[in-house]
Amino acid sequence: MGVAELSYVQQAFDQNWLSTVGPNLTEVENIVSEQLGLPALALASGTAGIHLGLKLLGVKPEDEVIVPSLTFVAGCNPVLYEHARPVFIDSENLSWNLDPQQLQEFLIKRAKLNRLPRVVTVAHLFGQSADLDAVIELCRRYEIPLLEDAAESLGTNYKGKPTGTIGDIGVFSFNGNKMITATAGGMLISKNLNYIDKARKWSTQSRDEDSGGLNNYIHSELGYNYRMSNVLAGIARGQLEVLEERVDQRRGVFDRYLEAFSNLEGIGPQPEASWGNHTRWLSCFLIDEKEFGSSQADIIRHLESQNIESRPVWKPLHSQPLFKDYECVGGEVAEDLNRRGICLPSSSSLTEEDQQRVIDCVKSLHRSSR
Ligand SMILES: *Cc1c(COP(=O)(O)O)cnc(C)c1O
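Residues numbered from 1 in each chain as written. Predicted model: local features only at pLDDT ≥ 70, side-chain atom pairs only at ≥ 80, totals over all residues. Heavy atoms only, no water.

### Quick notes on the overall build of the chain
Phase 1 of the analysis: Looking only at helices and strands, the chain features 13 helices and 14 strands.
Phase 2 of the analysis: Against the 2.2 N^0.38 benchmark of 21 Å for 370 residues, the chain shows a C-alpha radius of gyration of 22 Å, consistent with a compact globule.
Phase 3 of the analysis: Dimensions of the chain along its principal axes, counting C-alpha atoms only, are 80 × 60 × 35 Å.
Phase 4 of the analysis: Buried residues in the chain amount to 55% of all 370 residues.
Phase 5 of the analysis: Counted over contacts in the chain with a minimum sequence separation of 6, partners at least 24 positions apart contribute 70%.
Phase 6 of the analysis: Looking at the chain as shown, the accessible area adds up to about 16,500 Å², and 48% of this sits on carbon and sulfur atoms.
Phase 7 of the analysis: Averaging the positions of the 36 positive and the 49 negative side-chain charges in the chain gives two centres separated by 4 Å. (Helix = DSSP H or I, 4+ residues; strand = E, 2+ residues; numbered from the N terminus. Rg over C-alpha atoms; globule rule 2.2 N^0.38 Å. Buried < 20%, exposed > 50% of the residue type's maximum accessible area, 1.4 Å probe, protein only. Contact = heavy atoms within 4.5 Å. Areas by Shrake-Rupley, 256 points an atom, 1.4 Å probe, with all protein chains shown as cover. Lys, Arg positive; Asp, Glu negative; His and termini not counted. Charge placed at Lys NZ, Arg CZ, Asp CG, Glu CD.)

Next comes the structure, spelled out in C-alpha cells:
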C-alpha cells in the first residue's frame, strides 16, 4: 500500500458512505477516465467486468466466444455463465498472447460456413500486450467485437495506447495480486457511453426508475450485485497514485533476475515485443532442461522446499478438465510455455535480500554449479 489509501478509507467511514455510492467511487472512475481517455465503471471484480462485457457485446447461449488458451480461468468462466461456448486459440512465441495467425485461419474457415464467433477476447498476459493491430484487423474484417482482458496489464501500452482502450470493451482487475489492488475490484472501460450506463444498471440489480414516485423497487431486466463499494474504491483511489512507482518496482525486480541469469545457459526471459512496454507484472522465464541441467518442475519443487513460491506459466484452458468439451485451435505453443515457463516471485515489496535467495536457489540447480 502507498500512503493515501487509509485516509481515503477513513474519509468513507467519516462521511458514512459505506455502500456502492460515494465520493471515492466517483473519484476513482474520474481518475481512470481521465488517464485513459474513456468512460469507466468500477466493479466488484475483473471477472464481473468480463461477464458484463460479454453481455454488452451480445453473447447469448450457444454463441461461440474466442478465448486465448493461455490465460487465467477467470477470463473464460463468464463465457460459461452465459451458457456460451469458448473456442480456444493458441499463443504465439513472441508475446505469449493470442496468435493472430491461428485466429485468422479459424475465422476464414468459419466465414465459409457462416458460423462466426460472437465475440473475440484477448488477454495481455503478465504485463505485456497481445499483437493488437493484427487482431483488430481481423475483428474489423469479420465485424466481430473485441473485448480486452487487461486484468494483468494495468500500466501497459500498445504502440503508445493503454491496453484496454483499443477494443470495444476493456477490463481491469484490482484483485490482491495484481499490479495495484483494492484488495478486490475491477473496472470496465469503453468508448461507448451506452455500454457504461447499461453495465452500471446491471451491476446494481437493474433497478428501474419508479415513475409513480414511490421509490418502489421495480425490475424489468436481470441484474447482478457487481458494483465496487465506496470503501474499497478508497483503496483503489490511493493505489492509482502509486501505479507508476509499482511498475518501476516490478521492472526493477525483473531486471535483477535478468542480470543474475545473463550468463546461465538454458534460462531466458519472456520476450518483450517491440509493439509496447512490458510492465513485468510477473517475472517469467523459460527453462531449457538440456541446457540448464534441471527442468522447470525441478526448479519449482526446489524453490518450494526452501519455502519460496513460484509456479508454471498458466496451464492452458484447453487442457483443463472444466473445458475438455470445447474446441481448441493449435495449442502446442501454450502447452510448451506451461511445461517450460516459470513465474518467479515478483512482488513490488520483494526485498533485494529475499530476491537474492530466489536467485541463489535457481542457480544452485544449474549444471554449472553441480
Ligand atoms: C486476475 C485475472 C482476472 C480476474 O480478475 P478478478 O479481479 O480476480 O476477478 C481475469 N483475467 C486474468 C487474465 C486475470 O489474471
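### Topic: the packing of aromatic side chains
Phase 1 of the analysis: All chains considered together, the criterion is met by 11 aromatic pairs.
Phase 2 of the analysis: Their ring planes at 90° and their centres at 6.4 Å tell us that Trp96 and Phe126 sit as a pair that is edge-to-face. Separated by 30 residues along the polypeptide, Trp96 in the loop between strand S3 (85-89) and helix H5 (100-113) and Phe126 in the loop between strand S4 (119-123) and helix H6 (132-142) bring together distant segments of the chain. For the pair Trp96 and Phe126, one class covers both residues: buried. (Phe/Tyr/Trp six-rings, centres within 6.5 Å; stacked < 30°, edge-to-face > 60°.)

### Thoughts on the nonpolar core
Phase 1 of the analysis: Of all hydrophobic cores here, the largest spans 42 residues; its most connected members are Leu70, Trp96, Phe126, Met187 and Ile189.
Phase 2 of the analysis: Counting only elements with at least two residues in this core, the list comes to helix H1 (5-15), helix H2 (23-36), strand S1 (40-43), strand S9 (186-189), helix H8 (230-240), helix H9 (243-261), strand S11 (283-287) and helix H12 (332-340).
Phase 3 of the analysis: Once residues lying within four places of it in the same chain are set aside, the contact partners of Trp96 are Leu70, Ser91, Leu125, Phe126, Gln270, Pro271, Cys284, Leu286, Val313 and Leu337.
Phase 4 of the analysis: Within the second largest apolar cluster, 28 residues are counted, among which are Leu52, Leu54, Cys76 and Phe88. (Core = buried A, V, L, I, M, F, W, Y, C linked by side-chain atoms within 4.5 Å.)

### A closer look at the site of the ligand
Phase 1 of the analysis: Lining the immediate environment of the ligand, one finds 14 residues, of which Thr47, Asp149, Glu152, Ser173 and Lys178 sit closest.
Phase 2 of the analysis: Note that an oxygen atom of the ligand is positioned 2.5 Å from one of the side-chain N or O atoms of Thr47.
Phase 3 of the analysis: The side chain of Ser173 places a nitrogen or oxygen atom 2.6 Å from an oxygen atom of the ligand.
Phase 4 of the analysis: Out of a free accessible area of 380 Å², the ligand has 94% covered by protein chains.
Phase 5 of the analysis: At three residues, helix H3 (residues 46-56) tops the list of elements feeding residues into the shell around the ligand.
Phase 6 of the analysis: Looking at the shell around the ligand residue by residue, the classes come out as four nonpolar, seven polar and three charged. (Near = heavy atom within 4 Å. Polar contact = N/O pair within 3.5 Å; in protein donor to acceptor, adjacent residues only side chain to side chain. Nonpolar A, V, L, I, M, F, W, Y, C, P; charged D, E, K, R; others polar.)

### Remarks on empty space enclosed by the protein
Phase 1 of the analysis: Within this structure, the stated rule accounts for one cavity of 30 Å³ or more.
Phase 2 of the analysis: Of the pockets and cavities examined, the largest cavity occupies roughly 40 Å³.
Phase 3 of the analysis: As for the largest cavity, its lining consists of Ile50, Val67, Pro68, Thr71, Gly75, Thr121, Val122, Ala123, Leu147 and Asp149.
Phase 4 of the analysis: Elements that contribute at least two residues to the lining of the largest cavity include exactly strand S2 (64-68), S4 and strand S5 (146-149).
Phase 5 of the analysis: If one sorts the elements of the lining of the largest cavity by residue count, S4 sits on top with three residues. (1 Å grid on protein atoms, 1.4 Å probe; cavity = no way out; pocket = protein on both sides within 12 Å on 5 of 7 lines; lining within 4 Å. Points joined across faces, edges and corners; volume = space filled by probe spheres on them.)

### Structural notes on the packing of H3 against helix H7 (residues 193-203)
Phase 1 of the analysis: As a packed pair, H3 and H7 sit with axes 10 Å apart at the nearest point and diverge in direction by 125°. Compared by their axis directions, H3 and H7 come out oblique. Note on packing geometry: the crossing formed by H3 with H7 is right-handed. Contacts from Leu52, Lys55 and Leu56 of H3 reach H7 at Tyr195, Lys198, Ala199, Trp202 and Ser203. (Axes fitted to C-alpha atoms, helices over the stretch in contact; angles between N-to-C directions. Parallel < 35°, antiparallel > 145°, perpendicular 65-115°, else oblique. Left-handed = near helix turned anticlockwise from the far one by under 90°.)

### Structural notes on the state of the cysteines
Phase 1 of the analysis: The full count for this structure, using the stated rule, is zero disulfides.
Phase 2 of the analysis: As a non-bridged cysteine, Cys139 has Cys76 as the owner of its nearest cysteine sulfur, 17 Å distant.
Phase 3 of the analysis: Between Cys328, a cysteine without a disulfide, and Cys76, which holds the nearest cysteine sulfur, the sulfur-to-sulfur distance is 11 Å.
Phase 4 of the analysis: With a relative accessible area of 24%, Cys328 lands in the partly exposed category. (Disulfide = S-S within 2.5 Å.)

### A few points about H2
Phase 1 of the analysis: The end-to-end C-alpha distance of H2 is 20 Å, a good match for the 20 Å that 14 residues give at a rise of 1.5 Å each.
Phase 2 of the analysis: Residues of H2 that are buried include every one of Asn24, Leu25, Val28, Glu29, Ile31, Val32 and Leu36, and no others. In an axial view of H2, the angular spread of the buried residues amounts to 160°, which keeps them on one side of the axis.
Phase 3 of the analysis: The first or second residue beyond H2 is Gly37, which carries a positive phi of 75°. (Expected span 1.5 Å × (residues − 1). Arc of directions from axis to C-beta.)

### Structural notes on the pairing of strand S14 (residues 341-344)
Phase 1 of the analysis: Here S14 shows no split at all, with Gly341 and Cys343 on one side and Ile342 and Leu344 on the other all buried.
Phase 2 of the analysis: Both S11 and S14 contribute to a ladder of four bridges, which runs antiparallel. Across the sheet, Leu286 pairs through a bridge with Gly341, a residue of S14.
Phase 3 of the analysis: As defined by bridge partners, strand S12 (residues 311-312) adjoins S14 across two bridges and the pair is classed as antiparallel. Opposite Arg311, over in S14, you have Cys343 as the bridge partner. (Pairing = 2+ DSSP bridges.)

### Quick notes on the layout of surface pockets
Phase 1 of the analysis: Reported here for the largest pocket is a volume of approximately 600 Å³.
Phase 2 of the analysis: Around the largest pocket sit 29 residues that line it, and Arg250, Pro345, Ser346, Ser347 and Ser348 are the ones nearest its centre.
Phase 3 of the analysis: Counting residues per element, the ones that place at least two in the lining of the largest pocket are H9, S14 and helix H13 (352-364).
Phase 4 of the analysis: The residue inventory of the lining of the largest pocket, partitioned by class, reads 11 nonpolar, 11 polar and seven charged.
Phase 5 of the analysis: Volume-wise, the second largest pocket comes out at about 390 Å³.
Phase 6 of the analysis: Considering the residues around the second largest pocket, the lining is formed by 21 residues, among which Gln35, Leu36, Gly155, Leu243 and Glu244 are closest to the centre.

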